[in-house]
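Survey of secondary and tertiary structure
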Amino acid sequence: MLAGTNAGIVAETLRNLMEAEEEVVVKFGKTWCRCSMKTITVFCPFLSIDQASYAIKALKRCGIICCMKMEAKKFDHTNWFAFTEYGMRIMKRGDKVGQKNETESNQQAP
């Protein structure tokens with residue numbers, strides 16, 4: 001399943017935020033980045049909040065990122081995002097989302 005162009009842009013934005021160590025914490029064996037939909041639209045002004053939200057949903061559906069709320073404050077609903085193992089592999093290799101590379105395809109062939 002492909003996530004789409006906007007999802008790729010949002011994934012790259014999240015990776016850049018993590019590399020810049022902006023609002024980053026390491027918990028549960030993953031690096032988490034605090035990011036709201038509004039923040040995404042600041043870094044990607046060509047995306048609307050709805051487009052950013054849909055891109056995040058597509059990334060979660062494809063198993064590339066996971067999210068959770070980690071704030072102790074009752075009214076803070078900002079999500080924290082982390083790449084899954086699959087998501088980290090994709091971001092390192094630069095493969096298309098949902099596309100298997102040749103070695104994975106050859107290993108599964110009879």
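Read on for an overview of the structure. Throughout this document, residue positions are counted from 1 along each chain, in the order its sequence is written. Selection of residues for local features in this predicted model requires a pLDDT of at least 70, selection of side-chain atom pairs for listing and counting requires 80 or more, and totals for whole chains, interfaces and linings are taken over all residues. Remark: hydrogens and water are excluded; side-chain values derive from all non-hydrogen atoms of the structure.

This next bit is on the layout of surface pockets. Here the idea is plain: a probe the size of a water molecule rolls over the atoms and shows the empty space left. Of the two site types, the cavity is a set of points on a 1 Å grid over the protein atoms alone where a 1.4 Å probe fits but cannot get out, and the pocket is an open set with protein on both sides within 12 Å along at least five of seven lines, each lined by residues with an atom within 4 Å of a point. Grid points are joined across faces, edges and corners, and a volume is the space filled by probe spheres set on the points. Taken as a whole, the largest pocket holds about 270 Å³ of empty space. Along the walls of the largest pocket sit Arg15, Met18, Glu19, Gly29, Lys30, Thr31, Ala82, Phe83, Gly87, Met88, Met91 and Lys92, which together make up its complete lining. Helix and strand definitions follow DSSP, with helices as H or I runs of at least four residues and strands as E runs of at least two, each counted in order from the N terminus. Of all elements in the fold, only α1 (5–19), β2 (30–34), β4 (80–83) and α4 (85–93) reach the threshold of two or more residues within the lining of the largest pocket. Here the element with the most residues in the lining of the largest pocket is α4; it accounts for four residues.

The disulfide criterion is simple: two cysteine sulfur atoms within 2.5 Å. Taken as a whole, this structure holds zero disulfides when the rule is applied. No disulfide involves Cys35; its nearest neighbouring cysteine sulfur is the one of Cys33, lying 5.4 Å away. With no disulfide partner, Cys66 has as its closest neighbouring cysteine sulfur the one in Cys67, 7.5 Å distant.

Next up on the list: helix α3 (residues 49–61). Under the convention used throughout, the expected extent of a helix is 1.5 Å for every residue step, that is, one less than its residue count. The end-to-end C-alpha distance of α3, which contains 13 residues, comes to 18 Å, matching closely the 18 Å that a straight helix rising 1.5 Å per residue would cover. Buried means the residue's accessible area, taken with a 1.4 Å probe over protein chains only, is under 20% of the maximum for its type, while exposed means over 50%, and partly exposed covers the values in between. Taken together, the buried positions of α3 are occupied by Ala52, Ala55, Ile56, Ala58 and Leu59. Along α3, the residues classed as buried sweep out an arc of 160° about the axis, all on the same side. With respect to the buried face of α3, the exposed residues turned more than 90 degrees away are Asp50 and Tyr54. In what follows, residue pairs with any heavy atoms lying within 4.5 Å of each other are defined as contacts. Summarising the contacts, the buried residues of α3 are in contact with α1, α2 (37–43), β3 (65–68) and β4. Just downstream of α3, Gly63 is the residue with a positive phi angle, here 75°. Directions from the helix axis toward the C-beta atoms define the arc.

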